[in-house]
Amino acid sequence: MTRTRNLYLIPYAAWMLLFVATPIVLIVYHSFFDVEGHFTWANFEKFLTPVYLKMTFNSFWYAFLITAFSLLVAYPTAYWLTRTKHKQLWLLLIIVPSWINLLLKTYAFIGLFGTYGFVNAAFEAVGIGTRQILFTDFSFVFVSVYIFIPFMILPIYNALEELNPSLVYASRDLGASPWMTFRRVVFPLTLGGVKAGCQAVFIPALSLFMITRLIAGNRVVTLGTAIEQHFLVTQDWGMGSAIAVLLIIVMAVIMLATGNRGTRGGAVR
Amino acid sequence: MTTKNGKLARLYLIAVFIVLYAPIFYLMYYSFNSAGTMHGFESFTLEWYEEVFRDTRLLIIVLNTVVIALLSSAISTILGVVGALAIDRVRKNRQRNALLAMNNVLIVSPDVIIGASFLIFFTLLGIQLGFTSVLLSHIAFSVPIVVLMVLPKLQEMSPTLIDAAKDLGASGWGVLTKVVLPFLRPGIFAGFFMALTYSLDDFAVTFFVTGNGYSTLSVEIYSRARQGISPSINALSTLIFFVTLILVVGYYFLTRRTGRKPSWEVAQP
């Protein structure tokens, strides 16, 4: 096996160099230029002004909320899913919605949350009365959680499936209460799945721009929205690139801090 | 762990399923509403379905989306298999990890950054934004996924299999087409399907690299949804839901027949 030269490497490495390395180098390069094409540090200086810092803080706060709520809903779902009878089928049913184009799902919420939509009609019926749901922080977080839930459920489900049930029995035999067993045995052993799920939700949530535009109006401005704005509306590629570069750095830090993704029950199994 | 769930658990799971499916059925229900709104069901109509089939622009966009998805996943499957073979042959650990890290960059990058960097890249190369740029970027983000789906299968393969084929007089090409590729088939299929779903579902990257006049379904839905409710989108989403369902069921049985536990992966938003 050692005699053959690795001929496969040439096309693959060339492809990766062209489509992975080059675009990243270009975006870093562009972040040092202003609209007129002069070298400048101004983009990064501008990032340090209160407007952008507040936006960054907002992005993180929303991404954190989305991740936390996803986890809160997903963990019990995954846990109880592993204990149902036809679990493969149930899992499939969880995954089918994630294969529906996410634009369509977001669009559905414009109808559901609208002034005359189903939710307001229900509010009316129970006497709360019509209120503004669309274009609020709540609707933004809710729709994002809705979109991301399957990505959180899957890794946790996989981690729970890998858990050796005899450990749970042992814990129960030794006198631990169900809650104690969960807290001291089940949860720590599925932490890998939880981490993978959080990564799979947090990073995309940090750079959302489609849901912010459609559901939150322009109330919520995140880093993703800002990048889109700079590239496609104001054509200030330098500033857009600068934000992107900072986002890449943050992402890399998160990846390093939480360990490699995809090695254990991550989104890619 | 076939312990039955308590009442609370069952209620919780049912609630999650209702919330997951409600928006989708809400969309579908109002696609039959003659009032053309997403509230106040007036009377049953197939008018919006007729409109979808009369709308040549929309049909061309659907066709574009399908062509891009099939072409990009076919090409990225070939490139991905080559990539997996290349990585598998690298024996030095450091080089191998470097290649894998490079491979993972596009998987963990937020879509906005991929889109923005490709926009710069294509503009620099002078590639006109449209079919080519969308196709190339879809291939680019699909290749790493295929690699990750094929690589584990390749590592599972016993080297004696190749030695045996060589001893029996097979040429290098013969070993590849008669032994290696058939063994990898499940991984290749899974990779192809994953690439297909990523491509069909992608919005953010496509949004950055489509120029004027060329559009895919996600981008089109986005621009229509920004203008408010459009009942033909509802009709279209019903059609898409059933096509997706057929694909999912097809994939389920395909993986069943090959005797493999279906690995349920989901597309990243």
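Residues numbered from 1 in each chain as written. Chains lettered and ligands numbered in written order. Predicted model: local features only at pLDDT ≥ 70, side-chain atom pairs only at ≥ 80, totals over all residues.

**Some words on the overall build of chain B**
Note the cut-off: Secondary structure counts use DSSP, requiring at least four H or I residues in a row for a helix and at least two E residues in a row for a strand, with both numbered from the N terminus. In this scheme every C-beta is placed from the backbone, and a residue whose C-beta has 20 or more other C-beta atoms within 10 Å is buried, one with 12 or fewer is exposed, and one in between is partly exposed. Any pair of residues counts as being in contact when their C-beta atoms, constructed from backbone geometry, are within 7 Å of one another.
Scanning chain B for helices and strands turns up 11 helices and 0 strands. Its C-alpha atoms give chain B principal-axis dimensions of roughly 75 × 60 × 30 Å. Sorting the 269 residues of chain B into buried and exposed places 42% on the buried side. Across chain B, contacts joining residues at least 24 apart in sequence account for 78% of those joining residues at least 6 apart.

**Here's the deal with the overall build of chain A**
Helices and strands together make up the secondary structure of chain A, namely 13 helices and 0 strands. Taken from N to C terminus, the helices and strands of chain A fall in the order α-α-α-α-α-α-α-α-α-α-α-α-α. Referenced to the eigenvectors of the C-alpha coordinate spread, the extents of chain A come out at roughly 75 × 70 × 30 Å. Burial analysis of chain A (269 residues in total) assigns 43% to the buried set.

**Some points on the confidence of the model for chain A**
What counts is decided by this rule: Confidence of the predictor in every single residue is expressed as pLDDT, which spans 0 to 100.
Looking at chain A, the pLDDT average stands at 86 and 94% of residues meet or exceed 70. Low confidence marks residues 261-269 of chain A, where pLDDT is under 50. Its contacts with residues over four positions away, or in another chain, come to 32 contacts.

**Considerations on the interface of chain A and chain B**
For clarity, the threshold we go by: Under the grouping applied here, Gly and all other residues not named as nonpolar or charged are polar, the nonpolar ones being Ala, Val, Leu, Ile, Met, Phe, Trp, Tyr, Cys and Pro and the charged ones Asp, Glu, Lys and Arg.
The interface of chain A with chain B comprises 77 residues on the first partner and 71 residues on the second. Element by element, the count of residues in the side of chain A that touches chain B is highest for helix α1 (residues 9-30) of chain A, at 13 residues. Of the residues assigned to the side of chain A that touches chain B, the class counts are 57 nonpolar, 15 polar and 5 charged.

**Things to note about helix α6 (residues 131-156) of chain B**
To keep things clear, this is the line we draw: Given a helix with a known number of residues, its expected span is that number minus one, times 1.5 Å. Here the bend at a residue is taken as the angle between two axes, fitted respectively to the seven residues that end there and the seven that start there.
Over its 26 residues, α6(B) extends 38 Å from the first C-alpha to the last, a length consistent with the 38 Å expected when each residue adds 1.5 Å. In the structure, α6(B) departs most strongly from a straight axis at Ser142(B), where the bend amounts to approximately 30° and where the proline Pro144(B) lies between one and four residues downstream.

**A few points about the confidence of the model for chain B**
Residues and elements named next belong to chain B. Of the residues in chain B, 93% reach a pLDDT of 70 or more, and the chain-wide mean stands at 87. Throughout residues 262-269 the model reports pLDDT below 50, and contacts reaching past four residues in sequence, or to other chains, amount to 28 contacts. Taken together, the chains of this predicted complex give a pTM of 0.85 and an interface ipTM of 0.84.

**Observations regarding helix α4 (residues 93-108) of chain B**
One full turn of an α-helix is made of 3.6 residues, so residues set three or four places apart face in the same direction. The end-to-end C-alpha distance of α4(B), which contains 16 residues, comes to 22 Å, matching closely the 22 Å that a straight helix rising 1.5 Å per residue would cover. Elements in contact with the buried residues of α4(B): α1, α10 (191-206) and α13 (237-258) of chain A together with α5 (111-125) and α6 of chain B.

**Focus on the packing of α10(A) against α13(A)**
Residue and element names in this part refer to chain A. Here is the rule we go by: A fitted line through C-alpha atoms serves as each axis, taken over the contacting stretch for helices, and the angle formed by two N-to-C directions is quoted from 0 to 180°. Any angle from 65 to 115 degrees is called roughly perpendicular, while one under 35 is roughly parallel, one over 145 is roughly antiparallel, and all others are oblique.
Direction vectors running N to C along α10 and α13 enclose 175°, while the axes themselves pass 11 Å from each other. Between α10 and α13, the interaxial angle falls into the category roughly antiparallel. Between α10 and α13, the residues in contact are Lys195, Gln199, Phe202, Ile203 and Leu206 and Leu247, Met251, Ile254 and Thr258, respectively. Residues that form the contact of α10 with α13 fall into these classes: 6 nonpolar, 2 polar and 1 charged.

**What about the packing of helix α3 (residues 50-81) of chain A against α10(A)?**
Residues and elements named next belong to chain A. Where we set the bar: Here a crossing is taken to be left-handed if its near helix is turned anticlockwise relative to the far helix by less than a right angle, and right-handed if that turn runs clockwise.
Packing of α3 against α10 brings their axes to within 9 Å, and their N-to-C directions diverge by 145°. Considering how the two elements wind past one another, α3 and α10 form a crossing that is right-handed. Facing Ser59, Tyr62, Ala63, Ile66, Thr67, Ser70, Leu71 and Ala74 of α3, the residues of α10 in contact are Val194, Gly197, Cys198, Val201, Phe202, Ala205 and Leu206. For the contact of α3 with α10, the per-class residue count stands at 11 nonpolar, 4 polar and no charged.

**A word on the nonpolar core**
For clarity, the cut-off: Note on terminology: a nonpolar core is a set of buried residues of type Ala, Val, Leu, Ile, Met, Phe, Trp, Tyr or Cys, with members joined through C-beta atoms within 7 Å.
Among the nonpolar cores identified, the biggest contains 141 residues, and Ile156(A) and Ala116(B) are the most heavily contacted of them. Per element, the largest residue contribution to this core is 16 residues, and it comes from helix α7 (residues 137-162) of chain A.

**Quick notes on unusual backbone geometry**
All names here are of chain A. For Phe135, which is not a glycine, the phi torsion comes out positive at approximately 65°. Mapped onto the secondary structure, Phe135 falls in the loop between α6 (118-126) and α7. Here the phi dihedral of Gln235 falls at roughly 60°; this positive angle occurs in a residue that is not glycine. Checked against the element boundaries, Gln235 lands in the loop between α12 (223-233) and α13. For Gln235, a count of 10 C-beta atoms within 10 Å puts it in the exposed group.

**Re the environment of Met194(B)**
Within the secondary structure, Met194(B) sits in helix α8 (residues 172-201). Taking the C-alpha atoms as reference points, Met194(B) and Thr132(B), 62 residues apart in sequence, are found 21 Å from one another.

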